[in-house]
Structure formats: C-alpha cells, structure tokens
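Residue-level listing of the chains:
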Amino acid sequence: MGWNSWDVFGTSVTEAETRANAEFIAEHMASYGWEYVVVDIQWYDPAARAGGYNLGTKLVLDEYGLPQPAPNRFPSAAGGAGFKPLADYVHSLGLKFGLHILRGVPRQAVAADTPIKGSEYSAAQIPDRERRSSWIDDNWGIDHSHPGGQAYYDSLVRQFADWGVDYVKADDMIAPYWEDEVEAFWHAIDRADRDILLSLSPGMNVSTDHAEHLKAHSHLWRISADLWDRWRDINAQFDLLRDWAPHAGPGHWPDADMLPLGRMGIRAEVGEPRESLLSPDEQRTMLTLWCIARSPLMVGADLPGSSAETIELLTNPEVLAAQRHPVGAREVWREGKHLAWASEDGAFAAVFNRGPEAAELELPWAVLGIPQPARVRDCWTRTDIVPGDHLRAKLQPHSSALFRLS
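Worth saying up front: this structure is predicted, and the values here are computed from it rather than measured.

## Quick notes on the packing of helix H5 (residues 147-163) against helix H6 (residues 179-191)
The axes of two packed helices give the description: the angle between them and the distance between them. One can describe the packing of H5 onto H6 by two numbers: an axis separation of 8 Å at closest approach and a directional angle of 45 degrees. Between H5 and H6, the crossing angle belongs to the class labelled oblique. At the point where H5 passes H6, the crossing takes the right-handed sense. The segment H5 lies against H6, with Gln-150, Tyr-153, Asp-154, Leu-156 and Val-157 engaging Glu-181, Ala-184, Phe-185, His-187, Ala-188, Ile-189 and Arg-191. For the contact of H5 with H6, the per-class residue count stands at 7 nonpolar, 2 polar and 3 charged.

And the structure:
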C-alpha cells in the first residue's frame, strides 16, 4: 500500500512534490497501512515534461552509466548523493521509499562505453538492440548471454540498496515477457544487501502461463496495461483478477495497477488536471474489487490536493481489512453483468453490478459457498445487517457492496 507519482506528475515529479505526499501519508494515512512512496519514470531526465516522454534526451548518468536523480528536480541529489537524502527523509517519517527503473542499459552509457562498476566489462559489450522498447528510447535491452549483463543489473541494484531503496518498479519487463531479463533483475535483488520489493510492469497480454515464473522471480506483477480513471479500465479488471486470483499469496501478488483517485493529471501522460473521472460508486467498486482480490494498492493522486472524501475512501479500515486478510478470495458466482466474490474462509463477500441498470441481488449463502452467518457487517457503511437466508443487496449501476461475515 502506498503512493506513486505517475498518475498525477507523469515523468516530471519533483523532490518537493514527493516530500509533500510523503508527509501527507505519514500524517493522515500511515496508521491505516499506507507506507510506500514511489518516484516513477525518468527521474534522471532534467528536461522531463508533462504529457509524455522525451525522446533522445540527455540523461543524468554517473561514470559507470548508472542513472542519477536530476539535481534540478531533486536538489538533495546534488554532488553524487543520489536518492539517499530523499530516502532518508521518507524513512524518518516511518515510511518506505521506492523508485521506477526501465529494463536494460542506457543507450547513452553504451555510446560512451562506460565501465560496469565492480566488473571487468563495459556497457558497449552488453546491449541487445533488437530488444528495444516500443514506447521509449532511453535504453537498449541487455544480452544476458554476456556476463556483463548480470554485472550491470547487480551494480544498478547495489546502488539502489546504498541509497536505501525499499521498492523497485522494473518496467518494460513482461510485455512481451523477457524471461531472462526478469531472472537477471531478480538475481540482482537477491544479491543486494537490503530487503527490496520487486514489482514488474506493464502487464498487458501477460498470460497466467507465466504465473509460476513470476511467483519465483518477483514480489508483485502488473496484470494489465496502465489503468486510468475510466470505467472501461476498471471493468476489464474483473476478468483479469478472476484469472489471476489463484496465484495470489504471501510474497507474490498479481497487481491490478494504481488507483486513479483524487487530484490527478497535473502533469500526467493522460488528461488534464482533474478530480478522478470515476463516479463515487465506481471508485468504491474499484477499491472493493482490489481489496477482495488482495491486489496491491498504489494511489496515484496528489494527496495534499485531494478531497477529504477521497482520503476517507482510502482509509476505511473495514474495507482495507479485506485486502490484508490472510486467506484468499475468488469469484464464486456470475450472471451476466452481476457477480460475487467470497474469501475461502467465508470471512468476506462482495457483490458487483457491472451493468448500466440498477439491480437487486438475492443470493443464497450456499451459492457463495458460505454457511449462513450469525452476523453481516456492511464494510462501506460500517453498519450491521440482520442476517437472513440470502445475501441481499440493492446496487446502482457500476456499484458494489462488501460484507464482513461471522
């Protein structure tokens, strides 16, 4: 559970903006389990801008071809300090620090043939120019038949560990699925003298055929392309999370992507500055689905600029308890645009209306695979409901309900 800069600041987030969001989490959200503060893509580009990526830009690299925070955006990184001062500040708030990195080796380092720190190899020996990204030109892919490839990732992650990084979002890894790149980065994480979570993205078209490999070589992985504040994006996650739910468990979590809530789009890749375009019902439905499926929760808002209603949505302890529940859940019933999930121990149940019309659902407990409970608690309204022989819910279009059962 944490915050990521992408939905609101795109490639251009600054140190001041990161600190402001970290301070907000520490004061208002940490007690509910929110803990990670993640700087997303191109933090090493001094000319980063709103609305997309710079192509062919001059990046900030050190003498070993390792990316460094752009000092004009992250002043505390000046003089070779890297992200350590910012990470130290985040840690001083009782939170954890994360960053984004692209698969591969910077093209700029290859052109300069920089040495690979801690090895006898150099950057010009390791690129695979056929493995370039389709959407950004900062890096070449890596030829992992050459030992310098692993050495470069080892040096990169060693730098992150020295900075105090707790979470790495490694991008362009699994769409298409670069198995050797995933393994090499995981080995680098494993060799680092620090506990670091590895998140892989993006997840468009990633098949459950890769589930065992992902579980063995990452802590969480995206199951879709970037998700924005559009109902069609939320709606697509129902089928994806249904298919991936059997593979969720301690140390390996399918990730339904960031929560596009609150104040977003200030300098984002998609859209203008705005409050989330999802309706209140759609926002609750998204959180209900993410929590019952136990997806990681990364909010993409400018939290200090977000409404009190958004923060209340993100800090409902009874809803968040489903996300932290030790037992998994699965989809147990579906009829047209209506469906239900239940946790395998019967502690939580959720019902959803994906359709454009209001609906009244009456589901026998046996359909949910749950004995009739003695108590039914509505997690969103935080009220008790008199239990009957059916689970009953009146749902507006695109709405949901989440229940705690005992």
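## Re the pairing of strand E16 (residues 348-353)
Most of E16 sits out of view: 6 of its 6 residues are buried. Covered by surrounding structure in E16 are Phe-348, Ala-350 and Phe-352 together with Ala-349, Val-351 and Asn-353, the residues of both alternating faces. Relative to E16, strand E15 (residues 338-343) runs antiparallel, the two being bridged by 5 bridges. Within E16, the position partnered with Leu-339 by the bridge is Phe-352. Between the antiparallel neighbours E15 and E16 lie 4 residues, among them Gly-346 with a positive phi of about 75 degrees. In terms of strand pairing, E16 meets strand E21 (residues 400-405) through 5 bridges, oriented antiparallel. Bridge pairing links Val-351 to Ala-401 in E21.

## Some thoughts on the domain arrangement of the chain
Partitioning the chain into domains gives domain 1 (2-324) and domain 2 (330-405). Centre-to-centre, using C-alpha coordinates, domain 1 lies 33 Å away from domain 2. Each partner contributes residues to the interface: domain 1 has 24 residues there, and domain 2 has 22 residues. Buried area between domain 1 and domain 2, summed over both chains or domains, comes out near 2100 Å², and the portion from carbon and sulfur atoms is 63%. For domain 1, the biggest contributors to the area lost against domain 2 are Thr-288, Ile-292 and Glu-318; these three give 29% of the whole.

## Focus on the nonpolar core
Formed by 115 residues in total, the largest nonpolar core has its most connected members in Trp-34, Trp-43, Phe-185, Leu-303 and Trp-341. When residues are assigned to domains, this core turns out to be shared by domain 1 (2-324) and domain 2 (330-405), each giving three or more. Residues Trp-333, Val-351, Leu-363 and Leu-368 belong to the second largest nonpolar core, which totals 18 residues.

## Points about the environment of Asp-137
With respect to the helices and strands, Asp-137 occurs in the loop between strand E5 (127-128) and strand E6 (139-142). Between the C-alpha atoms of Asp-137 and Thr-57, which are 80 residues apart in sequence, the distance is 9.0 Å. Filtering out sequence-adjacent residues up to four positions away, Asp-137 remains in contact with Asn-54, Leu-55, Gly-56 and Arg-107. Of the polar contacts made by the side chain of Asp-137, one reaches the backbone nitrogen of Gly-56; its length is 3.0 Å.

## A short note on the pairing of strand E8 (residues 197-200)
Here 4 bridges tie strand E7 (residues 167-171) to E8, and the two strands are oriented parallel to one another. Note on E8: the bridge partner recorded for Ala-170 is Leu-200. With H6 bridging E7 and the parallel E8, this β-α-β connection has right-handed handedness. As paired strands, E8 and strand E9 (residues 220-222) are joined by 2 bridges and run parallel to one another. Paired with Leu-200 across the bridge in E9 is Trp-221.

Each value, and the rule that gives it
- Residues numbered from 1 in each chain as written.
- Predicted model: local features only at pLDDT ≥ 70, side-chain atom pairs only at ≥ 80, totals over all residues.
- Heavy atoms only, no water.
- Axes fitted to C-alpha atoms, helices over the stretch in contact; angles between N-to-C directions.
- Helix = DSSP H or I, 4+ residues; strand = E, 2+ residues; numbered from the N terminus.
- Parallel < 35°, antiparallel > 145°, perpendicular 65-115°, else oblique.
- Left-handed = near helix turned anticlockwise from the far one by under 90°.
- Contact = heavy atoms within 4.5 Å.
- Nonpolar A, V, L, I, M, F, W, Y, C, P; charged D, E, K, R; others polar.
- Buried < 20%, exposed > 50% of the residue type's maximum accessible area, 1.4 Å probe, protein only.
- Pairing = 2+ DSSP bridges.
- Domains from an automatic or database assignment.
- Buried area = accessible area lost by both parts, 1.4 Å probe.
- Core = buried A, V, L, I, M, F, W, Y, C linked by side-chain atoms within 4.5 Å.
- Polar contact = N/O pair within 3.5 Å; in protein donor to acceptor, adjacent residues only side chain to side chain.
- Right-handed = clockwise from strand over helix to strand, strands pointing away.

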